[in-house]
Amino acid sequence: RPVRSGKNRKTGRDIQEIVLKPVSNDAFSSISNLLMHSGKRSIKIILALIVAAFVDDLEGRRIDSQARPIVVFEDIESRLHPTILLNVWNIIDLMPVQKIVTTNSGDLLSAVALGDIRRMRNLVSGVDCRFIDEKKFNSDELRRIAFHIRINRPMSLFARVWIFVEGETEIWLLNEFASILGIGLQAEGIRLVEYAQCGAGPLIKLANQLGISWHLLADGDEAGVKYAKSAGSGDATENVTLLPSVDIEHFLYDFGFADVYRQNCGVSNTRNLSRNKIIDMAIRRRSKPGMALAVVDEARRRGKRSIPKLFQRILLKARSDANNRH
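Presented here is an overview of the structure given in this document.

What counts, and at which threshold
Every chain is numbered independently, its residues counted from 1 as its sequence is written. In keeping with the predicted nature of the model, local features appear solely for residues at pLDDT of at least 70, side-chain atom pairs appear and are counted solely at 80 or more, and the whole-chain, interface and lining totals rest on all residues. Based on all heavy atoms of the structure, the side-chain values leave hydrogens and waters out of the count. Only DSSP runs of H or I covering at least 4 residues are called helices, and only runs of E covering at least 2 are called strands; the numbering of each starts at the N terminus. Partly exposed describes any residue whose relative accessible area lies between the buried limit of under 20% and the exposed limit of over 50%, with all areas from a 1.4 Å probe on protein chains only and scaled to the type maximum. We call two residues in contact whenever any of their non-hydrogen atoms come within 4.5 Å of each other. Computed with a 1.4 Å probe, the accessible areas rest on the Shrake-Rupley method; for each residue, only the protein chains presented here act as cover. What we call a nonpolar core is a set of buried Ala, Val, Leu, Ile, Met, Phe, Trp, Tyr and Cys residues that are connected through their side-chain atoms within 4.5 Å. The rule for a salt bridge is simple: a side-chain nitrogen of Lys or Arg has to be within 4 Å of a carboxyl oxygen of Asp or Glu. Any two strands with at least two DSSP-identified bridges between them are counted as paired. Interaxial angles span 0 to 180 degrees and are taken between N-to-C directions of axes, which are lines fitted to C-alpha atoms, for helices over the stretch in contact. The method works on a 1 Å grid over the protein atoms by themselves. A cavity is a set of points holding a 1.4 Å probe that cannot get out, a pocket is an open set with protein on both sides within 12 Å along at least five of seven lines, and residues with an atom within 4 Å of a point line them. Grid points are joined across faces, edges and corners, and a volume is the space filled by probe spheres set on the points. Think of it as three bins: nonpolar holds Ala, Val, Leu, Ile, Met, Phe, Trp, Tyr, Cys and Pro, charged holds Asp, Glu, Lys and Arg, and polar takes everything else, Gly as well. Roughly parallel means an angle under 35 degrees; roughly antiparallel, over 145; roughly perpendicular, 65 to 115; everything else is oblique. Note on ring pairs: Phe, Tyr and Trp rings are taken, using the six-membered ring of Trp, and paired if centres are within 6.5 Å. Classes follow the plane angle, with under 30 degrees stacked, over 60 edge-to-face and the rest tilted. By definition here, charges over rings are those cases where NZ of Lys or CZ of Arg is within 6 Å of the ring centre and within 35 degrees of the ring normal.

Describing the overall build of the chain
Then step 1. Assigned secondary structure in the chain consists of 14 helices and eight strands.
Then step 2. Across the 326 residues in the chain, those meeting the buried criterion constitute 47%.
Then step 3. Long-range contacts, defined as pairs at least 24 residues apart, comprise 69% of the intrachain contacts of the chain with a sequence gap of at least 6.
Then step 4. With an accessible surface of roughly 17600 Å², the chain has 51% of that area assigned to carbon and sulfur atoms.

A few points about the nonpolar core
Then step 1. Judged by nonpolar contacts, the single largest core of 45 residues is most densely connected at Trp162, Phe164, Tyr195, Leu206, Trp214 and Leu216.
Then step 2. For this core, the leading source of residues is helix H9 (residues 200–210), giving six residues.
Then step 3. Leave out the neighbours within four places in its chain, and Trp162 touches Ile149, Ser156, Leu157, Arg191, Val193, Leu203, Leu206, Ala207, Ile212, Ser213, Trp214 and His215.

Some thoughts on the pattern of salt bridges
Then step 1. Going through the model one piece at a time under the given rule, you end up with 15 salt bridges.
Then step 2. Measuring nitrogen to oxygen at the nearest pair gives 3.1 Å for the salt bridge that ties Lys21 to Asp93. Separated by 72 residues along the polypeptide, Lys21 in the loop between helix H1 (15–20) and helix H2 (31–37) and Asp93 in helix H4 (residues 82–94) bring together distant segments of the chain.
Then step 3. Taking relative accessible area as the criterion, Asp93 reaches 2% and is therefore assigned buried.
Then step 4. A salt bridge links Glu194 to Arg153, with the shortest nitrogen-to-oxygen separation between them at 3.3 Å. Of this pair, Glu194 sits in strand S6 (residues 190–194) while Arg153 sits in the loop between helix H6 (139–151) and strand S5 (161–165), and the two are 41 residues apart along the sequence.
Then step 5. Owing to a relative accessible area of 29%, Glu194 belongs among the partly exposed residues under this scheme.
Then step 6. Through salt bridges that share partners, Asp259, Glu298, Arg301 and Arg302 make up one connected network.

Focus on the pairing of S5
Then step 1. When you tally the buried positions in S5, you get five out of five residues, the bulk of the element.
Then step 2. Burial along S5 is two-sided: the residues Val161, Ile163 and Val165 and Trp162 and Phe164 are all buried.
Then step 3. One ladder, built from five bridges, connects S5 with S6; its direction is parallel. Its bridge partner being in S6, Ile163 is matched across the sheet by Leu192.
Then step 4. Pairing between S5 and strand S7 (residues 213–218): four bridges, direction parallel. Looking at S7, one finds that Val161 is bridged to Ser213.

Quick word on the sheet that holds S5
Sheets are built from strands paired through backbone hydrogen bonds, the pairs being either parallel or antiparallel.
Then step 1. The four strands lie next to each other as S6-S5-S7-S8, forming an open sheet whose pairing is parallel. Each edge of the open sheet is held by one strand with a lone partner, namely S6 and strand S8 (240–242). Strand after strand, the sheet turns through a mean of 20 degrees between neighbouring axes, direction not considered.

Section: the layout of surface pockets
Then step 1. Taken as a whole, the largest pocket spans an internal volume of roughly 910 Å³.
Then step 2. Along the wall of the largest pocket there are 30 residues; nearest its centre are Val101, Ile117, Arg118, Arg119 and Met120.
Then step 3. Counted by class, the lining of the largest pocket contains 14 nonpolar, seven polar and nine charged residues.

Here's the deal with the packing of H6 against H9
Then step 1. Interaxial distance between H6 and H9 falls to 9 Å at its minimum, and their mutual angle equals 80 degrees. Taken as axis vectors, H6 and H9 run roughly perpendicular relative to one another. Contacts between H6 and H9 involve Glu141, Arg144, Ile145 and Ile149 from the former and Pro202, Leu203, Lys205 and Leu206 from the latter.
Then step 2. When grouped by side-chain class, the residues that make up the contact of H6 with H9 number five nonpolar, no polar and three charged.

What to know about the packing of aromatic side chains
Then step 1. Within this structure, the stated rule accounts for seven aromatic pairs.
Then step 2. Between Phe164 and Trp214 the ring centres are 6.2 Å apart and the planes differ by 45 degrees, which places this aromatic pair in the tilted class. Remark: Trp214 occurs in strand S7 and Phe164 occurs in strand S5; sequence separation between them is 50 residues.
Then step 3. The buried category is assigned to Phe164, whose relative accessible area is 0%.
Then step 4. Note on Trp214: relative accessible area 9%, which makes it buried.
Then step 5. Relative to Tyr227, the ring of Tyr195 lies with its centre 4.8 Å away and its plane at 85 degrees, an arrangement referred to as edge-to-face. Of the two residues, Tyr195 is situated in the loop between S6 and H9 and Tyr227 in helix H10 (residues 222–230); the sequence distance between them amounts to 32 residues.
Then step 6. Ring pairing ties together the aromatic residues Phe177, Phe251, Phe255 and Phe311, which thus form one cluster.
Then step 7. Here Lys205 stacks its cationic end above the ring of Phe137, 4.9 Å away from the centre of that ring.

Functional significance is not addressed by these values, which are geometric in nature.
Next comes the structure, spelled out in structure tokens:
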């Protein structure tokens with residue numbers, strides 16, 4: 001990353017900088033300021049160790065006044081509490097040298113400018129390096145990415161595959177259905193990402209730039225069709241699945257779990273009740289996520305064959321894509 005001089009460092013942050021670097025060390029304008037205002041002895045010790053290592057590596061060589069050394073910090077989060085890690089990053093970020101930092105920390109990624117992030121992936125033919133072109137996102141998209149991914153789900157940036165789902169209900173279902181199928185989503189590098197509040201468009205653009213495979217699951221209603229169109233198609237494709245029902249609850253009712261809704265609607269005799277009425281009563285009584293948990297509880301009792309084929313296809317494809325992303 002480029003050198004940033006403490007003398008030229010501007011005070012305060014504008015909107016652009018806030019969305020590109022959600023976690024800020026702006027409270028400290030220089031290393032000296034950080035040391036004066038930090039009551040933590042550990043911060044001063046860490047800085048002393050960094051300086052000592054740097055001086056020792058010079059082995060008496062002189063550095064030209066115009067030179068800008070490149071310092072590599074490898075996995076700086078190792079054995080550090082997250083709070084200490086961000087304090088260490090404050091020191092590193094303020095150092096007037098070029099830095100290369102490797103990390104597996106989502107918290108640290110949120111403190112780095114978006115354009116400075118590089119995602120590395122080993123391939124048989126070499127190393128694939130991806131970066132984010134900020135110019136291809138408008139200000140609203142950058143804000144949504146900052147909030148929904150970098151602040152709330154920073155570890156998802158390390159995933160191999162994203163499965164986009166509308167909300168909490170789908171997350172409970174897919175996470176537990178995957179477990180029943182013997183697929184550990186996080187262990188496979190697969191992340192479930194909610195998109196209803198953010199919109200699928202900016203997240204898909206981000207995934208494509210970072211080389212993350214993705215799949216979008218949407219309801220079969222008008223809103224779901226719009227989400228599918230924002231992903232590039234209004235019909236089910238290799239990367240987009242539209243439910244053949246108006247929403248996830250009606251899909252589950254129609255594909256094997258009607259009895260779960262009948263049992264949870266609070267009425268002993270449901271013979272004269274319509275499907276819509278039964279679903280509405282069950283949701284009012286247990287909530288949508290509560291009914292999702294009731295469904296997965298029944299699915300565990302029945303076994304793998306009870307999981308709708310549509311979900312099996314999505315999860316098995318996600319695992320296949322994740323394995324191909326090694």
